[in-house]
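Spelled out, the chains give:
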Amino acid sequence: MRNRGHRSRGLLVAFAAAVVGVAGLTGCDAVGGNAPGPSGTAAQAGKPSPKPTPAWDRSPRSLAAVGDSITRGFDACSVLSDCPDSSWATGTDAKVNSLAVRLLGRTGAAQRSWNYAQTGSRMSDLPGQMAQAATRRPELVTVMAGANDACRASVSAMTSVAEFRAQFEDAMTTLRESLPKTQVYVSSVPDLKRLWSQGRTNQLSKQIWKLGICPSMLGDPDALDSAATLRRDTVQDRVEEYNAVLREVCAKDRRCRFDGGAVFEYRFGTKQLSHWDWFHPSRNGQARLAEMAYAGVTSRTPPK
């Protein structure tokens, strides 16, 4: 965060300088007739001021990705394994057409994009990933994290909202200490309740979920009693609270963009889910994530 005291003093100095400049000009005769025009600094005063550099560059030339298994492309192209080539953020898979490829081209993506996401990571792991990403000095960092904070063994094991906020703020501070001008694009946490509603109609998915995939939301998927409904609603509420934190923290940084809830609000179907675990995005799902991110990064105005 900027030091407001320094900023205020800077404004006062600028104002005082302006007053002195005006006083100096009014103490001289105005130029008229055939008198020579002003030169040097005075001549520059009549020229239009250059346009300020926009706070958000829609064409960054390098990219680093941090987050969890979704950004690692887990289960997108092979069972129970990372598939970074199919990552929405940095992958080279032509079927995905990742954000890096869209921004940098295929060659540029291979040379100037890096994936530091880790399968199974939570928001508490993000500061460390940010520190790794900072070593590459990327012009853009993408963030997709939070699903594993809600996908716990039980509702009581979910990361608290206060902890989630502190951890995300820590991650942003870690980046800013090294790279104050690097842009950050933050994706919202996906809609886990929709994941349950889409997969519960498939007998295979329910068998796979029993292996322990997101028990807080996907456990006992056929149960519709009040306790099960309350459990799922509690997880969903927590996800929405996480997204509010991402929005609020990002809004405090002029070089950070939140996706406006695009990922959370996307009405994905079974085609967008990996048919190996019915939880992670398939290649098609990764491609949709890449589309949303590209739209958000290249938009003239921040997503709302």
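Residues numbered from 1 in each chain as written. Predicted model: local features only at pLDDT ≥ 70, side-chain atom pairs only at ≥ 80, totals over all residues. Heavy atoms only, no water.

**Section: the environment of Thr298**
For the record, the criterion: Secondary structure elements follow DSSP: runs of H or I of four or more residues count as helices, runs of E of two or more count as strands, with numbering from the N terminus. Every residue pair with non-hydrogen atoms within 4.5 Å of one another is taken to be in contact. What qualifies as a polar contact is a pair of N or O atoms within 3.5 Å, subject to a donor-acceptor requirement within protein and to the restriction that residues adjacent in sequence count only when both atoms come from side chains.
Position of Thr298 relative to the elements: it lies in helix H13 (residues 283-298). Each C-alpha atom, one on Thr298 and one on Arg58, is 4.6 Å from the other, the two residues being 240 residues apart in sequence. Setting aside chain neighbours within four positions, we find Thr298 in contact with Arg58 and Leu103. A polar contact of 2.6 Å, which involves the side chain of Thr298, links it to the backbone oxygen of Tyr294.

**Digging into a nonpolar patch on the surface**
The test is simple: Distance thresholds for patches are 9 Å for like charges and 5 Å for nonpolar side chains (Val, Leu, Ile, Met, Phe, Trp, Tyr), applied to residues having over 30% relative accessible area and no salt bridge. Note on areas: Shrake-Rupley, 1.4 Å probe, and residue coverage restricted to the protein chains presented here. Salt-bridge detection follows one rule: a side-chain nitrogen of Lys or Arg within 4 Å of a carboxyl oxygen of Asp or Glu.
On the surface, Val79, Leu80 and Trp276 cluster together into a nonpolar patch covering about 330 Å² of accessible area. The topology assignment puts Trp276 in the loop between helix H12 (262-265) and H13.

**Remarks on the state of the cysteines**
Here is the rule we go by: When two cysteine sulfur atoms lie within 2.5 Å, the pair is treated as a disulfide. Only protein chains enter the accessibility calculation, which uses a 1.4 Å probe; a residue whose area is less than 20% of its type maximum is buried, one above 50% is exposed, and one in between is partly exposed.
Under the defined criterion, the tally for this structure stands at three disulfides. Paired by a disulfide, Cys77 and Cys83 hold their sulfur atoms 1.8 Å apart. Judged by the sign of its S-S torsion, about 105 degrees, the bond between Cys77 and Cys83 is right-handed. On the basis of relative accessibility, which here comes to 29%, the residue Cys77 falls in the partly exposed class. With a relative accessible area of 6%, Cys83 lands in the buried category. Residue pairing for Cys151: its cysteine sulfur links by disulfide to Cys214, the two sulfurs lying 2.0 Å apart. Every disulfide takes its handedness from the sign of the S-S torsion; for Cys151 and Cys214 that torsion is -80 degrees, giving left-handed. Here Cys214 lies in the loop between helix H9 (203-209) and helix H10 (215-218) and Cys151 lies in the loop between helix H6 (147-150) and helix H7 (161-178), a separation of 63 residues in the sequence. When its relative accessible area of 11% is taken as the criterion, Cys151 is described as buried. Residue classification places Cys214 among the buried residues on the basis of a relative accessible area of 5%. When the bonded cysteines of the protein chain are counted from the start of the sequence, the pairing works out to 1-2, 3-4, 5-6.

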